[in-house]
Amino acid sequence: MSLSKLVLRSMKKNMKHYYLYFFALIFSVTLYFSFVTLQNNSAVWDAVQMSGTATAGFKAATYILYFIVLFFVLYANHLFMKRRSKEIGLYQLIGMTKGLIVRLLAIENILLFVGAVILGMLAGFFSSRVFAMILLRVLEKEALVTMTFSTQALQQSMIVFTILLLIVLIQMAWMIHRVSLLSLFTAAKQADERVRRFSALQMAIGFMGLVLIAYGYYASTKLFDIESAGNLFINMIIILATTIGGTFLVFRFSVAFIMNTIRLKKKGHLSIQDVLALTPIMHRMKSNAKSLTLITVLTGVSLGVTTLSYISYYSSEASAYSQVPGDFILLEGQGMSFLNALEKNNIAYDKVDYRLQGVTASVGQLMSKKQQDNPLYDMEGTIYTIPLSDYKKSVPEASLSGNDVILTNYGGYMAEMFPLEKDRDVEVSAGELEETFHVVDVHDKSIISGIVTAGGGGPIFVVTDDMFKSLTTQSEYYPWHQQSSITIAAKEDLVMAEKLYVQTNAGVITTKDHEGKTQQYTQSSYEEKRKDNIESLGLTIFTTAFLGLAFLMTTGSILYFKQMSEAEEERGSYTILRKIGFAEKDIMRGIYMKQAFNFGVPLIIGLLHSYFAVKSGWFLFGTELTAPLWIAMCCYIALYTIFAILSVGYYKKVVRESL
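Throughout what follows, the structure given in this document is the object of discussion. (Residues numbered from 1 in each chain as written. Predicted model: local features only at pLDDT ≥ 70, side-chain atom pairs only at ≥ 80, totals over all residues. Heavy atoms only, no water.)

1. Overview of the pairing of strand E7 (residues 433–442)
- As paired strands, strand E5 (residues 404–408) and E7 are joined by four bridges and run parallel to one another. Paired with Leu407 across the bridge in E7 is Val442.
- Here strand E6 (residues 424–430) folds back onto E7 in antiparallel fashion, the turn holding two residues, of which Gly431 has a positive phi close to 65°. (Pairing = 2+ DSSP bridges. Helix = DSSP H or I, 4+ residues; strand = E, 2+ residues; numbered from the N terminus.)

2. Quick look at a negative patch on the surface
- Where like charges cluster on the molecular surface, the negative patch consists of Asp425, Glu427, Glu432 and Glu434.
- Classification of Glu432 as exposed rests on a relative accessible area of 69%. (Patch = residues over 30% accessible without salt bridge, like charges linked within 9 Å, V, L, I, M, F, W, Y side chains within 5 Å. Areas by Shrake-Rupley, 256 points an atom, 1.4 Å probe, with all protein chains shown as cover. Salt bridge = Lys/Arg side-chain N within 4 Å of Asp/Glu carboxyl O. Lys, Arg positive; Asp, Glu negative; His and termini not counted. Charge placed at Lys NZ, Arg CZ, Asp CG, Glu CD. Buried < 20%, exposed > 50% of the residue type's maximum accessible area, 1.4 Å probe, protein only.)

3. Remarks on the packing of aromatic side chains
- Evaluation of the coordinates by the stated rule reveals 19 aromatic pairs.
- Between the aromatic rings of Tyr32 and Tyr66, the centroid separation amounts to 6.2 Å while the plane-to-plane angle is 70°, which identifies the pairing as edge-to-face. Placement of Tyr32 in helix H2 (residues 15–39) and of Tyr66 in helix H4 (residues 52–83) is noted, with a sequence separation of 34 residues between them. Tyr66 matches Tyr32 in its accessibility class, with the two residues each being buried.
- Put simply, the rings of Phe27, Phe72, Tyr560 and Phe561 touch in pairs and so form one group of aromatic residues. (Phe/Tyr/Trp six-rings, centres within 6.5 Å; stacked < 30°, edge-to-face > 60°.)

4. Comments concerning the pattern of salt bridges
- The final tally for this structure, using the stated rule, is 14 salt bridges.
- A salt bridge links Glu568 to Arg571; the nearest nitrogen and oxygen atoms lie 3.1 Å apart.
- A salt bridge links Lys594 to Glu570; its shortest N-O distance comes to 2.9 Å. With Lys594 in helix H21 (residues 584–617) and Glu570 in the loop between helix H19 (526–569) and helix H20 (571–579), the pair connects residues that are 24 residues apart, well separated along the chain.
- Residue class for Lys594 comes out buried when judged on its relative accessible area of 1%.
- A residue is classified by how much of its surface remains accessible, and Glu570, at 11% relative accessible area, is buried.

5. Notes on unusual backbone geometry
- We note that Asp423 has phi near 55°; this positive angle belongs to a residue other than glycine.
- In this structure, Asp423 sits in the loop between helix H16 (412–417) and E6.
- Notably, Asn505 is not glycine yet its phi reads approximately 60°, a positive angle.
- Relative to the assigned elements, Asn505 resides in the loop between helix H18 (494–503) and strand E10 (508–512).

6. Quick look at the sheet that holds strand E2 (residues 349–355)
- Read from one edge to the other, the open sheet built from three strands follows the order E1-E9-E2, with strand pairing classed as antiparallel. Two strands in the sheet have a free side with no partner beyond their single neighbour: strand E1 (328–331) and E2. Mean inter-strand twist for the sheet, computed between neighbouring axes without regard to direction, equals 20°.
- Together, E1 and strand E9 (482–488) form the strand contacts of H18, whose direction differs from that of E1 by roughly 30°. (Axes fitted to C-alpha atoms, helices over the stretch in contact; angles between N-to-C directions. Contact = heavy atoms within 4.5 Å.)

7. Some details on the nonpolar core
- Counting 118 residues, the largest nonpolar core has Tyr21 and Leu164 as its most contacted members.
- For this core, the leading source of residues is helix H6 (residues 98–138), giving 15 residues.
- Sequence-distant contacts of Tyr21, defined by excluding residues within four places in its chain, comprise Val73, Ala76, Asn77, Phe80, Asn109, Leu112, Phe113 and Val168.
- Grouped together as the second largest cluster of nonpolar side chains are 44 residues, Ala320, Val324, Tyr354 and Ile448 included. (Core = buried A, V, L, I, M, F, W, Y, C linked by side-chain atoms within 4.5 Å.)

8. Observations regarding the sheet that holds strand E8 (residues 460–463)
- The strand order E3-E4-E8-E5-E7-E6 describes a closed barrel built from six strands, whose pairing is mixed. Strand-to-strand twist of the sheet, defined as the mean angle between neighbouring strand axes without regard to direction, takes the value 45°.
- In this sheet, E8 lies alongside strand E4 (residues 381–387) in parallel orientation, the contact comprising four bridges. The partner of Tyr384 across the bridge, within E8, is Ile460.

9. Re H21
- The end-to-end C-alpha distance of H21 is 49 Å, a good match for the 50 Å that 34 residues give at a rise of 1.5 Å each.
- The axis of H21 is deflected most strongly, by about 30°, at Gly600, and proline Pro602 appears within four residues downstream. (Expected span 1.5 Å × (residues − 1). Bend = angle between axes of the 7 residues up to and from the residue.)

10. Let's talk about the state of the cysteines
- Applying the stated criterion across every chain yields a total of zero disulfides.
- The thiol of Cys634 is not disulfide-bonded; the next cysteine sulfur, from Cys635, is found 7.2 Å away. (Disulfide = S-S within 2.5 Å.)

11. Regarding the environment of Ala132
- Looking at the element boundaries, Ala132 is found in helix H6.
- Remark: the alpha-carbon pair of Ala132 and Asn41, spanning 91 residues in sequence, is separated by 8.6 Å.
- Setting aside chain neighbours within four positions, we find Ala132 in contact with Leu38, Val44 and Val145.

This is the structure we're talking about:
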């Protein structure tokens, strides 16, 4: 028989194995080709108007995606080779050399790769348009997305998957040459561990894994505390090492120990569910510990990165409002031509005026004593005050007396990292005038433009009208004296109002600093600032979501492939159970428990890892945590559930065919 005929017969015989590997290849090519096709779609990027930094980030994402594809294909190939180990052993028994076997499998892999690349590129070509539409939707851009085939994407993909094919062939040749003939017939079982008795050392190591994870979680909650700020990078490395190391120890020792303890408590009276759930999990934990640890860590990392990106995107409106607390902001009484234009076009609006008076103070006086090492503790700066009568236009229930003040306009990451306390005194000065304010409350409501507060989120003091009047005698020391917040009554008039705001040049503000020098500032409208945030963050959330989906599909598929492999290995056991009288539903109950563990435990631990990682520094990325975190987690839970259902379906098929 010629080698070509042997290849064709082998592929036909192994069709039930090939479809698994073939799917992995097609899925990998589809992901990669759709991404690079989108990257080379000029119509999309003309609409997006991507910056150089964003372009570099998108290219970097391409390399990360290739790493995901490489990891996925190599694992699938390793699993495929393991399932064909007996066949390879038989080839050697009938006299075929290892070199000839490598040639045989190499031809099979080349044929598979060619077919997968063709089908994957076709699927990637059509799916790239869907991803392009999603990207434009995220960026709130209107553009016609055409089906354009990119020769550059084709060349790049061909080069990438040719390199991947060479790596797969090297992996395959290495696996065949390094193993003995006997090991090929026992490859499917050699990693299983027959647990007989746990030593005290194993128990201690398993408990240590739980302690390491708990310490990593605790340390993450203290990551941005003042005491830890100086060793931020070292602390991050420690948290990462303890969490990953603890996860491995939990899977390697803790799980098997817990399962064995449950089994021993039954004193030999094991139900069919125990036999099919507890025992396989316990025996396979030695071989599964590394893969489950990797899957758990990848799940936690990808979910954490995706969630942080989504927090930034989700908070774009709140971030814009902290900079521009109103549809439009006018400063220093300038921009009256804009108001006249609104009236001429019959656009109704509400106008709230805030009088401003600066004082010099150190907000460190409002920090707790444990933050005395903070550089802001003794740093003085300009903080603006507004009179109570103006503040009551937006907060009617506010009241003050004497030297009592309300600190407001203080939010975002500054409020999280450097919290200020109420019922504290703060000394302020305005020129020659010195006063002591008593802070009765701290609010995060944004009312003053980010230009005035030097970047947004800076504090504002609300003082009594009498106090404000006495402070205004020193007004020449500070540049800002008045702000008008404009809110358009009917939202359908916003588009016209935006045009008038630009036409009248109302956003260009001229004032003098404390030295008397003229300074010019550009005040954006709320909608302009929001769109700027959307455009800068939209590409980030799209890229991280795409990579997160790739990671999720990879880890979920790996778990699914592992369960398919285990189901085939356990087919003989199911045949025995069916012959001695156990019904399909009895066997499936144990399989349900097993799948709940195999998919649920890595998912739950991965969710916990991502939660504590996100919780430690989410405020650096936005203003909202709960909704983005729950949305991202629900997406991951839903996709893992789908893989678990598919796995259960495959087990049910194997059980039915076992008799």
